[in-house]
2 protein chains.
Amino acid sequence: MPVAPEPGPAIILVEPQLGENIGMVARAMANFGLADLRLVKPRDGWPSDKARAAASRADHVIDAVRLFDSVEAAVADLTFVLATTARPRDSFKPVRGPETAAGELRARIGAGQPAGILFGRERFGLSNEEVGLADEIVTFPVDPAFASLNIAQAVLLMSYAWRMAGTEDATKPRFAAPEAPAAQKADLHRLFDHLESSLAKAGYFHPPEKREVFVQNLRTMLTKAGFSEPEVRTLRGVIKAFDFAIARGEGEK
Amino acid sequence: MPVAPEPGPAIILVEPQLGENIGMVARAMANFGLADLRLVKPRDGWPSDKARAAASRADHVIDAVRLFDSVEAAVADLTFVLATTARPRDSFKPVRGPETAAGELRARIGAGQPAGILFGRERFGLSNEEVGLADEIVTFPVDPAFASLNIAQAVLLMSYAWRMAGTEDATKPRFAAPEAPAAQKADLHRLFDHLESSLAKAGYFHPPEKREVFVQNLRTMLTKAGFSEPEVRTLRGVIKAFDFAIARGEGEK
């Protein structure tokens, strides 16, 4: 079970047509910690089995859905509303990208002012009148030649932008690669010595006057690789295996 | 019709199961200007009517799809590969968030180095071996309690992050491009094959049931090292020297 979510923007779907889309919206919200889903006159009614199935266990979002008869009613308790649109609108409202819009939502919600985002119908989005109910417009930086985003994708992007706006270091991942201790230079130098002496026995340094160049190249690349201590040990094992095989003369058997 | 897209990362789906998902991936790519979609053994074959229908007119992406028999083949011409994962992995690969990863893709692709992103199967993602073929791991800042993203959503977020990374050139820190041309994955895979077959002959893989683990460790460290094409050639030369020495049985003389 997710922990009680931090306050986030309400996601308001205006006359959504397909239950599957509502479910995918719920799932996208849950992915990024949002939980307040509001529906204005869903075409196929509510509750919806299709929505629950498509939500893939984002049941806490589905269970908390609230139904409204109008956009006005759905935004009544909010203090700040964004409208998502794909097309430019003849309006004097500010138009934001997702990152700026998410930053603004963070500032307002952080100050205790409830906010929400309107998403339009699958087929024709929001009416001009509905956009008129919003404070600002959000649009996505899509390829103008291929601009149609489905609702769940639009909600996913806004939920992601919301999440990113809240992380102090937005690019910090949830988990980090385990840190292997870096090899000490002495280990690295023993690796150089071992490799070079094995290669000398194997006849690698030919012609002999080029030996210095070959050695420098090998040392440069092994240093640049930044191997950890266990990795250096693995490489020593690899060279040792070749040493033994040469000593045994396996190829002659 | 979209204009000829700028170069972008290849999107590689590994054994995708549903044609619908492939289509939604194509649509998400088209939204943000990506066009190079590669499929590794799609379960239901290719072409797919379901994929085309779900792509909602991203036909240019669907028409350009390329099919591959293995992940190795699908990444052979690339120099830098990211693997998307939802779960932490026991590997020493760097783990990035989408923005950092997208910035890195921009830097490399901008320097003329082809790059791609691996996405796993709907049911269980990428195998450890497949992740082992990548240079770095990308993960999404999802709610740990509700972490499952469907493939199309994961592709949408990476495509969006790619697009955003391109709109903020001026304010983003630039990554230094590597000096020597990075090795193509096909070169790196040939290095793996060569090293592993030489080590097998040398009796390195002992006990045999540990072979898989040894191989994974070697591949991970050689991938992590980020060797250039001339460096990979040097390593091939090193192994060849050992091969010849074993064949000659120098130690016996």
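These numbers come from a predicted model, not from an experiment.

### Some details on the pairing of strand β1 (residues 10-14) of chain A
Residues and elements named next belong to chain A.
Next up, step 1: Burial runs high along β1: five of the five residues are buried.
Next up, step 2: Going residue by residue along β1, you find A10, I12 and V14 tucked away on one face and I11 and L13 tucked away on the opposite face as well.
Next up, step 3: Bridge analysis of β1 against strand β6 (residues 115-119) gives four bridges, and the strand direction is parallel. Of the residues in β6, the one forming a bridge with I11 is I117.
Next up, step 4: Across four bridges, β1 lies against strand β2 (residues 37-40) in parallel orientation. Bridge pairing in β2 places L13 opposite L39.
Next up, step 5: Running through helix α1 (residues 19-31), the crossover from β1 to the neighbouring parallel element β2 is right-handed.

### Topic: helix α7 (residues 151-166) of chain A
Residue and element names in this part refer to chain A.
Next up, step 1: For α7, which comprises 16 residues, the first-to-last C-alpha distance of 23 Å matches the rise-based estimate of 22 Å (1.5 Å per residue) to within 8%.
Next up, step 2: Counted residue by residue, α7 has 14 buried out of 16 residues, so it is predominantly covered.
Next up, step 3: Two to three positions downstream of the cap, the backbone nitrogen of A152 sits 2.8 Å from a side-chain oxygen, assigning the N-cap of α7 to N150.

### Description of the interface of chain B and chain A
Next up, step 1: Tallying the contact residues gives 76 residues for chain B and 70 residues for chain A.
Next up, step 2: Sorting the residues of chain B by area buried against chain A places F146(B), M221(B) and F242(B) first, and these three jointly supply 12% of that buried surface.
Next up, step 3: One can count one salt bridge joining chain B with chain A.
Next up, step 4: Among the ionic pairs, K224(B) bridges to E231(A), the shortest N-O distance being 2.9 Å.
Next up, step 5: Counting across the interface, chain B meets chain A through 15 residue pairs in polar contact (both at pLDDT 80 or more).
Next up, step 6: Secondary-structure elements contributing two or more residues to the side of chain B that touches chain A are α1 (19-31), β5 (95-96), α5 (98-110), α7 (151-167), α8 (185-201), α9 (211-224) and α10 (229-248) of chain B.
Next up, step 7: Element by element, the count of residues in the side of chain B that touches chain A is highest for α10(B), at 12 residues.
Next up, step 8: Grouping the amino acids of the side of chain B that touches chain A by side-chain chemistry returns 42 nonpolar, 18 polar and 16 charged.

Rules behind the numbers
- Residues numbered from 1 in each chain as written.
- Chains lettered and ligands numbered in written order.
- Predicted model: local features only at pLDDT ≥ 70, side-chain atom pairs only at ≥ 80, totals over all residues.
- Heavy atoms only, no water.
- Buried < 20%, exposed > 50% of the residue type's maximum accessible area, 1.4 Å probe, protein only.
- Helix = DSSP H or I, 4+ residues; strand = E, 2+ residues; numbered from the N terminus.
- Pairing = 2+ DSSP bridges.
- Right-handed = clockwise from strand over helix to strand, strands pointing away.
- Expected span 1.5 Å × (residues − 1).
- Polar contact = N/O pair within 3.5 Å; in protein donor to acceptor, adjacent residues only side chain to side chain.
- Contact = heavy atoms within 4.5 Å.
- Buried area = accessible area lost by both parts, 1.4 Å probe.
- Salt bridge = Lys/Arg side-chain N within 4 Å of Asp/Glu carboxyl O.
- Nonpolar A, V, L, I, M, F, W, Y, C, P; charged D, E, K, R; others polar.

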